[in-house]
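Inside the fold
Spelled out, the chains give:
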Amino acid sequence: MYLILLGAPGAGKGTQADILSEEMNLAHIASGDLFRQALERKTELGLLAQSYMEKGELVPDEVTIRMVLERIAHDDCASGCIFDGFPRTLDQARALDEALAAQGKAVDKAMYIEVPEEELLRRLSGRWLCRSCQTPYHAVTSPPQAAGKCDKCGGELYQRPDDEEETVRERLKVFFAQTAPLLDYYERGNRLVKVNGGLGIEEVAKKVIGVLEEAS
Ligand code: AMP
């Protein structure tokens, strides 16, 4: 199964993708993580992406599409994967459809995790991530057992520079302008399913899995 998780920044795409990836034994492909890894290695791609990421803007389609298509050519995505943060524009969605169709494959579902805007701002402002395994925490709603340390792997927790308020507002603006049109695109292809992402992590996960079972 090729599954896309759609949602604004802070909607819980990464958290739900982690749960689903374990549950369904599918690779989790997060374009933001791929850019951050490239930046950590100080590659040309990483440095280019940084200039967009720090402003909350989208990295150009051509670069993003090439990076993601290269990643999904690996064996672990041969029979499916979960996309988190990709596609984010209509051109990216079309490029993904074309690349999969060329191999006789297709995106099965696009799952929209819907969360009110005030809740997104609240979540992003308290977000901490593990530098090693990317597990997300929230200062108020899901703090780690030991301050600054990941419960899962003991890695160091950090706040993303683009979670700063002004950048978050820009990222939300970009989402509503450039990514929200994808809802129509997948709706027209009868591939869109929606889930209320305003609930707790476990409840959302149950609903996501339920919706996928119902749709399959
Ligand atoms: P994320 O971790 O998904 O919130 O992404 C962090 C940042 O990486 C975004 O604000 C963009 O600058 C960049 N990015 C991630 N995915 C994409 C994408 N599909 N298209 C363009 N830029 C992206």
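Described below are features of the structure shown in this document. Note that residues are indexed from 1 along each chain, following the sequence as it is written. In view of the model being predicted, local features appear only for residues whose pLDDT reaches at least 70, and side-chain atom pairs are presented and counted only at 80 or more, with totals across whole chains, interfaces and linings using the full set of residues. To get the side-chain values, all heavy atoms of the structure are used, and hydrogens and water are removed first.

Focus: unusual backbone geometry
What counts here: Each helix corresponds to a stretch of at least 4 residues labelled H or I by DSSP, and each strand to a stretch of at least 2 residues labelled E; elements are numbered beginning at the N terminus. Type-normalised accessible area, obtained with a 1.4 Å probe on protein chains alone, sets the label of each residue: buried when under 20%, exposed when over 50%, and partly exposed for intermediate values.
For the bond from phenylalanine 86 to proline 87, the omega torsion is -5°, close enough to zero to count as cis. Assignment of secondary structure puts proline 87 in the loop between strand S3 (81-84) and helix H5 (90-101). Its identity as a non-glycine residue notwithstanding, asparagine 25 has a phi of 55°, on the positive side. Tracing the backbone shows asparagine 25 in the loop between helix H1 (13-24) and strand S2 (27-30). Given the relative accessible area of 70%, asparagine 25 is considered exposed. You will see that glutamine 134, though not glycine, has its phi angle at about 70°, which is positive. Here glutamine 134 shows up in the loop between strand S5 (127-130) and strand S6 (136-138). Under the relative-accessibility criterion, glutamine 134 is labelled partly exposed at 24%.

Remarks on the packing of aromatic side chains
Rules: Working definition: a ring pair exists when centres of Phe, Tyr or Trp rings (six-membered ring for Trp) sit within 6.5 Å. Plane angles under 30 degrees give stacked, over 60 give edge-to-face, the rest tilted. Ring-over charges, as used throughout, are those where CZ of Arg or NZ of Lys falls within 6 Å of the ring centre and within 35 degrees of the ring normal.
Tallying each qualifying case throughout the model produces three aromatic pairs. Plain terms: the ring middles of phenylalanine 175 and phenylalanine 176 are 5.0 Å apart, the flat faces sit at 80° to each other, and that makes the pair edge-to-face. Take phenylalanine 175: its relative accessible area is 5%, and that puts it in the buried class. With 5.0 Å between their ring centres and 85° between their planes, tyrosine 185 and tyrosine 186 make a pair best called edge-to-face. Over the face of the ring belonging to tyrosine 52 we find lysine 55, whose NZ or CZ atom lies 5.9 Å from the ring centre.

Some details on the site of the ligand
To be explicit about the condition: We call a residue near a molecule or strand when any one of its heavy atoms sits within 4 Å of it. Here a polar contact means two N or O atoms within 3.5 Å. Within protein one must be a hydrogen donor candidate and the other an acceptor candidate, and residues neighboring in sequence count only if both atoms are side-chain atoms. Areas reported here follow the Shrake-Rupley algorithm with a probe of radius 1.4 Å; residue values treat only the protein chains shown as occluding. Side-chain classes are defined by residue name, with Ala, Val, Leu, Ile, Met, Phe, Trp, Tyr, Cys and Pro counting as nonpolar, Asp, Glu, Lys and Arg as charged, and the others, Gly among them, as polar.
Around the ligand, 16 residues are found, and the nearest of them are Ser31, Arg36, Glu57, Gly85 and Gln92. Note that a nitrogen atom of the ligand is positioned 2.9 Å from one of the side-chain N or O atoms of arginine 88. In the model, an oxygen atom of the ligand is placed 3.0 Å from a nitrogen or oxygen of the arginine 160 side chain. Within the complex, 95% of the 480 Å² of free accessible area of the ligand lies under protein. Among the elements that take part in the shell around the ligand, helix H2 (residues 31-40) stands out by supplying four residues, more than any other. Along the lines of polarity and charge, the residues of the shell around the ligand split into five nonpolar, five polar and six charged.

Some points on the packing of H2 against helix H3 (residues 44-53)
The condition is simple: Angles here are taken between N-to-C directions and fall from 0 to 180 degrees, while the axes themselves are lines fitted to C-alpha atoms, restricted in helices to the stretch in contact. Put simply, angles under 35 degrees are roughly parallel, angles over 145 are roughly antiparallel, angles from 65 to 115 are roughly perpendicular, and the rest are oblique. Helix crossings get a hand from a simple test, with the near helix turned counterclockwise from the far one by less than a right angle marking a left-handed crossing and a clockwise turn marking a right-handed one. Here, residues are in contact when the closest pair of their heavy atoms is within 4.5 Å.
Put simply, H2 and H3 touch, their axes get as near as 7 Å, and they point 120° apart. If you check the angle between H2 and H3, you find them oblique. Judged by the sense of rotation from one axis to the other, the crossing of H2 with H3 is left-handed. Across the interface between the two elements, Gly32, Phe35, Arg36, Ala38 and Leu39 from H2 touch Leu45, Gly46, Leu47, Ala49, Gln50 and Met53 from H3. When grouped by side-chain class, the residues that make up the contact of H2 with H3 number seven nonpolar, three polar and one charged.

Digging into the pairing of S3
Counted only if it meets this: Should DSSP find at least two bridges between two strands, the strands are taken to pair.
What you see with S3 is no split at all: Cys81 and Phe83 on one side and Ile82 and Asp84 on the other are buried throughout. Here strand S1 (residues 2-6) runs beside S3; their pairing, made up of four bridges, is parallel. Among the inter-strand pairings, leucine 5 is bridged to a residue of S3, identified as aspartate 84. Taken together, the four bridges between S2 and S3 define a ladder with parallel strand orientation. Bridge assignment links alanine 30 to a residue of S3, and that residue is aspartate 84.

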